[in-house]
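These are the residues of each chain, in order.
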Amino acid sequence: MAAARPENLSVVVHRAGDLRLENRPVPEPGPNEVLLRIHSVGICGSDVHYWQNGRIGDFIVKKPMVLGHEASGTVIKVGSSVTHLKPGDRVAIEPGAPRDIDEFCKIGRYNLSPTIFFCATPPDDGNLCRYYAHNASFCYKLPDNVTFEEGALIEPLSVGIHACRRGGVTLGTKVLICGADLSASRLEKAKEIGADFTIEIKKETPQEVASMVQDLLGCMPEITVECSGAEASVQTGIYATRSGGTLVLVGLGPEMVHVPIVNAAVREVDIKGIFRYCNTWPMAISMLASKRVNIKSLVTHRFPLEKALEAFEATRKGEGVKVMLKCDPSDQNP
């Protein structure tokens, strides 16, 4: 009998509504890649969206695709040109790795490169599997005091870092964050991890919400970060932001949205979008290593990789906050 090859159990979406667990070959790392034994992978709303709808905007699942882009793991093999990592290193994976050094890469905004590779964005495979090869420059070594789950959570944390950079958030800035405001349990979690005030939205108009925000904060926020993409929430973001301030759009909703653009224009409220992130992993790692930010409590559910379909179902139903899949059968610790 031939030696048993390690099984590379992977979570694969075939088309809308068709999610499967299947074995794929263990990849061989290219010269600039490392092969990783994946440890923890968070499930993102976009993973669920590809499973349910088979597409997000113009990104359409045309062939089977491995899901997952919030991951950490251990280097088990390095490509011939890799010098900064070695087998045994624990790493967090930045899922977006540029393929070309184009004008966007040259100015440091590589997330905007049209040819970028990005985990689990068609047609690129993600890392919700046991073994995965990735560009070594986009694998970042984790300090001993940062767990694998924290390493996986650097991806969503990076969205927050990038949004704050784009908005100009600094010490003492008054910030309104929209997006958890319909869910009492999420607002409770927000309070627990650092929000000063929360507002649960019932039937108020965007203008009413804006004035509630001003009453609570004692002033209008300089920066609003809108994380849902819902039309009413974007409208609230414009009305609530103080003149000369900035509204950062993180959440993506319908392509066309009715907004009070003249209100924003005459008050010089800048509206900025964000697309993923760039140059955030080193900062996120320092934030976690220095204990300046606590994200561990965001993980509310854990499933072994074999139970991925249950995990996706739990995420689809909106259970908990972050659902984490544990991909290494020999180590299911955080």
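Rules behind the numbers
Residues numbered from 1 in each chain as written. Predicted model: local features only at pLDDT ≥ 70, side-chain atom pairs only at ≥ 80, totals over all residues. Heavy atoms only, no water. Pairing = 2+ DSSP bridges. Helix = DSSP H or I, 4+ residues; strand = E, 2+ residues; numbered from the N terminus. Contact = heavy atoms within 4.5 Å. Axes fitted to C-alpha atoms, helices over the stretch in contact; angles between N-to-C directions. Core = buried A, V, L, I, M, F, W, Y, C linked by side-chain atoms within 4.5 Å. Buried < 20%, exposed > 50% of the residue type's maximum accessible area, 1.4 Å probe, protein only. Phe/Tyr/Trp six-rings, centres within 6.5 Å; stacked < 30°, edge-to-face > 60°. Lys NZ or Arg CZ within 6 Å of the ring centre and 35° of its normal.

Our next topic: the sheet that holds strand β2 (residues 18-24). In spatial order, the strands read β2-β1-β6; together these three strands make up an open sheet with antiparallel pairing. This sheet does not close on itself; its edge strands, each paired only once, are β2 and β6 (65-66). Where helix α1 (residues 45-53) meets the sheet, its contacts fall on β1 (8-15), β2 and β6, and the angle it forms with β1 comes to roughly 50°.

Within the largest apolar cluster, 37 residues are counted, with the highest numbers of intra-cluster contacts made by V34, L36, L85, L128, Y132, F312 and L325. Going through the elements one at a time, β1, β3 (33-42), α1, β7 (70-78), β8 (90-93), α9 (308-316) and β18 (322-326) are the ones with two or more residues in this core. The residues touching F312, leaving out its near neighbours within four places in the chain, are V11, L19, I43, D47, V48, W51, L67, L128 and L325. F138, I154, L157 and L288 belong to the second-largest nonpolar core, a separate cluster that totals 25 residues.

The omega torsion across P122 and P123 is 5°, close enough to zero to call that bond cis. Tracing the backbone through its elements, the reader meets P123 in the loop between β10 (117-118) and β11 (131-135). Backbone geometry places A120, a non-glycine residue, at a positive phi of 60°. Inspection of the secondary structure assignment puts A120 in the loop between β10 and β11. Not every positive phi belongs to a glycine, and E268 is a case in point at roughly 55°.

Strand order across the open sheet formed by four strands is β13-β14-β15-β16, with parallel pairing between neighbours. Whereas interior strands pair on both sides, the edge strands pair on one side only; in this sheet they are β13 (175-178) and β16 (270-273). Ignoring strand direction, the axes of neighbouring strands in this sheet form an average angle of 15°. Two elements, β13 and strand β14 (residues 223-226), share four bridges in a ladder whose sense is parallel. In the strand pairing of β14, C178 is matched with E226. Across the sheet, helix α3 (residues 148-167) lies against β14, β15 (246-249) and β16, angled at about 150° from β15, the strand it touches most.

Tallied over the entire structure, the rule returns five aromatic pairs. Each ring, one from Y277 and one from W281, has its centre 5.1 Å from the other, and the planes form 70°; the classification is edge-to-face. Side by side, Y277 and W281 carry an identical accessibility label, which is buried. Three or more aromatic residues joined by ring pairs make a cluster, and in this case those are F118, Y140, Y277 and W281. In this structure, R90 is placed above the aromatic ring of F148, and the distance from its NZ or CZ to the ring centre is 4.5 Å. For the cation-ring pair, R276 lies above F118, with the distance from its terminal atom to the ring centre recorded as 3.6 Å.

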